[in-house]
Amino acid sequence: MTAPVRSTPELLALHAVRLKGMADDNEVTARFNLDSAVARECLLDFQAVGWITRVEFAGIAGWTLTEAGRAENERQLAEELATTHSVASVRHAYEAFLPDNALLLRACTDWQLRPSGADPLAINDHTDRAWDQRVLVTLAALAGKLPRLCVELAGRLARFGGYDGRFFAALERAEQGEHSWINRPKVDSCHTVWMELHEDLIATLGIQRGAEDAQ
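Cut-offs applied
- Residues numbered from 1 in each chain as written.
- Predicted model: local features only at pLDDT ≥ 70, side-chain atom pairs only at ≥ 80, totals over all residues.
- Heavy atoms only, no water.
- Core = buried A, V, L, I, M, F, W, Y, C linked by side-chain atoms within 4.5 Å.
- Buried < 20%, exposed > 50% of the residue type's maximum accessible area, 1.4 Å probe, protein only.
- Helix = DSSP H or I, 4+ residues; strand = E, 2+ residues; numbered from the N terminus.
- Contact = heavy atoms within 4.5 Å.
- Pairing = 2+ DSSP bridges.
- Axes fitted to C-alpha atoms, helices over the stretch in contact; angles between N-to-C directions.
- Parallel < 35°, antiparallel > 145°, perpendicular 65-115°, else oblique.
- Left-handed = near helix turned anticlockwise from the far one by under 90°.
- Nonpolar A, V, L, I, M, F, W, Y, C, P; charged D, E, K, R; others polar.
- Salt bridge = Lys/Arg side-chain N within 4 Å of Asp/Glu carboxyl O.

Our focus in this paragraph is the nonpolar core. The biggest cluster of nonpolar side chains holds 56 residues, and the ones touching the most others in it are Ile52, Leu139, Leu153, Phe167, Ile182, Leu197 and Leu201. Sorting the residues of this core by element identifies helix H1 (9-20), helix H3 (36-49), strand S2 (60-65), helix H4 (67-83), helix H5 (87-112), helix H6 (129-154), helix H7 (163-175) and helix H8 (190-205) as the ones contributing at least two each. Ranked by the residues each element gives to this core, the list is headed by H6, at nine residues. The residues touching isoleucine 182, leaving out its near neighbours within four places in the chain, are Cys108, Trp111, Leu136, Leu139, Leu171, Ala174, Ser189, Cys190 and His191.

As structure tokens, this is what we get:
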């Protein structure tokens, strides 16, 4: 079997910004375990050519892609996909992933909200153990599908490795009572990891969000 392809640091640094939406230097470095000096140099180069820009929101600062950066990221991913003959494998994994996406979103919503007769948008205070357990069972079933998916993807492109382990780790913390590890932003919560995988798949395949129903 052919060894999986390892993406260049330049591709990984730009792609990390894409996956995170907004990321500081440390988050870009950590996402693909890059050398910090190399990642920093890449980011400065990207800024110089207009692929990323520095932004601040709600007291949090980081890098985000410009339109030119997004186009360059998609160009790099398409080139990598073509040269490694990985289109069919990634497309197959994406088609296996997509039906479960609605289940994940529903489960995360149910973790946040516990509708009542008086308030259909009532916050879930996690006192209804049966309600929470139903959500956790759904997430565990989804977690059980990720290893096979990730093996297929990472067998071609090494950068797809690790999503299953990150999701399992978050779910385990939630099952132990750390409720925020289902939906919490800016950490590897179940929702964060799943959304990154989704973004990784559609970016790699050049699919625009909102156009998936036509796939």
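Right, let's talk about unusual backbone geometry for a bit. Phi at histidine 85 is positive, roughly 55°, even though this residue is not glycine. Mapping histidine 85 onto the fold places it in the loop between H4 and H5. According to the relative accessible area criterion, histidine 85 is exposed, its value standing at 64%. One non-glycine residue, histidine 126, lies in positive phi territory at about 65°. Checked against the element boundaries, histidine 126 lands in the loop between H5 and H6.

Every regular strand shows the same layout, with side chains that alternate between the two sheet faces. For strand S1 (residues 52-57) and S2, the ladder comprises six bridges, and the chain directions are antiparallel. Paired with valine 55 across the strands is glycine 62, a residue of S2. Connecting S1 to the antiparallel partner S2 that follows it, the hairpin turn spans two residues, and alanine 58 within it adopts a positive phi of roughly 55°.

Right, let's talk about the environment of leucine 14 for a bit. Relative to the helices and strands, leucine 14 is located in helix H1. In this structure the C-alpha to C-alpha distance between leucine 14 and valine 28, which are 14 residues apart in sequence, comes to 8.3 Å. Not counting chain neighbours up to four residues away, the residues in contact with leucine 14 comprise Phe46, Trp51, Ile52, Leu65, Gly69, Glu72, Asn73 and Gln76.

Let's shift gears to the packing of H7 against H8. Two elements in contact, H7 and H8, have axes whose closest approach is 8 Å; the angle formed by their N-to-C orientations is 160°. In terms of their interaxial angle, H7 and H8 are classed as roughly antiparallel. Pair H7 / H8 crosses with left-handed handedness. Only Cys190, Val193, Trp194, Glu196, Leu197 and Asp200 of H8 make contact with H7, whose side of the interface consists of Tyr163, Arg166, Phe167, Ala170 and Leu171. Grouping the amino acids of the contact of H7 with H8 by side-chain chemistry returns eight nonpolar, no polar and three charged.

A few words on the pattern of salt bridges. Across all of its chains, the model carries 19 salt bridges by this definition. Notably, a salt bridge pairs glutamate 178 with arginine 173, separated by 2.9 Å at the nearest N-O pair. A network of salt bridges, in which partner residues are shared, links Lys20, Arg31, Arg166, Asp188 and Glu196.

Nothing here speaks to function; it is geometry throughout.
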